[in-house]
Structures are given as structure tokens and as C-alpha cells.
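Remarks on the overall topology
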Amino acid sequence: MMKKSLKERFLLVIGVLFFIIYLTMGLAILFWQKLPLPLSQGYRTTLGIAIIVYAFLRFIRFFQKS
């Protein structure tokens, strides 16, 4: 097993960090009812699911690339 360079480790940490940020943001839009977002529940659900799907797509693409 080869050691990752400092740049590769940094990019791995950033990739995982953004996955967690997008996932948390999607879950907050879905389940946090007091979030000041002037959208109906249908639009909130759609937006939350879209952000969660985007997070997983980024995560999968990140590991396919590296």
C-alpha cells in the first residue's frame, strides 16, 4: 500500500468534509421545521432530497477519481 502525499490527504479531508456539510444541510432542510426557509413542505422535501443525492454523487465521484 502506497502512502498518500500531503496533497492527496488534504483533498481527501476536504472531500469528506464537504460530503458531511452537504448531507447535514439536506437533513436540516428536511427535518428542521424552525429553519427560516420560506418554502412549502413539498419544496423543502424536494430540495432536501436533491441536496442529499448531490452529496452522495459527489462522494462517489470523488472516490472513483482517486
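What comes next concerns the included structure.

A few points about the nonpolar core
- The biggest cluster of nonpolar side chains holds 6 residues, and these are Phe19, Tyr22, Ile29, Leu35, Ile51 and Ala55.
- Every element with two or more residues in this core is listed here: helix 1 (6-31) and helix 2 (41-65).
- Broken down by element, this core gets its largest block of residues, 3 residues, from helix 1.
- Not counting chain neighbours up to four residues away, the residues in contact with Tyr22 comprise Ile51, Tyr54, Ala55 and Arg58.

So, the packing of aromatic side chains
- The final tally for this structure, using the stated rule, is 4 aromatic pairs.
- Both rings, one in Tyr22 and one in Tyr54, keep their centres 5.2 Å apart while their planes meet at 85°; by these two values the pair is edge-to-face. Here the residue Tyr22 occupies a position in helix 1, and Tyr54 occupies one in helix 2, the gap between them amounting to 32 residues.
- Taken together, the ring pairs connect Phe18, Tyr22 and Tyr54 into an aromatic cluster.

Description of helix 1
- Taking 1.5 Å as the rise per residue, helix 1 with 26 residues should run 38 Å; its terminal C-alpha atoms sit 37 Å apart, in good agreement.
- Restricting attention to buried positions, one finds in helix 1 the residues Gly15, Phe19, Tyr22, Gly26, Ile29 and Leu30.

Things to note about the environment of Ala50
- Residue position: Ala50 is located in helix 2.
- Sequence spacing of Ala50 and Gly26 is 24 residues, and the spatial spacing of their C-alpha atoms is 7.7 Å.

Looking at the side chain of Arg44
- Assignment of secondary structure puts Arg44 in helix 2.
- There is no salt bridge for the buried Arg44, and the closest opposite charge comes from Glu8, which lies 39 Å off by N-O distance.
- Among all residues touching Arg44, those that are not within four sequence positions of it are Ala28, Ile29, Leu30, Trp32, Gln33, Leu35, Leu37 and Leu39.

Calculation notes
Residues numbered from 1 in each chain as written. Predicted model: local features only at pLDDT ≥ 70, side-chain atom pairs only at ≥ 80, totals over all residues. Heavy atoms only, no water. Core = buried A, V, L, I, M, F, W, Y, C linked by side-chain atoms within 4.5 Å. Buried < 20%, exposed > 50% of the residue type's maximum accessible area, 1.4 Å probe, protein only. Helix = DSSP H or I, 4+ residues; strand = E, 2+ residues; numbered from the N terminus. Contact = heavy atoms within 4.5 Å. Phe/Tyr/Trp six-rings, centres within 6.5 Å; stacked < 30°, edge-to-face > 60°. Expected span 1.5 Å × (residues − 1). Lys, Arg positive; Asp, Glu negative; His and termini not counted. Salt bridge = Lys/Arg side-chain N within 4 Å of Asp/Glu carboxyl O.

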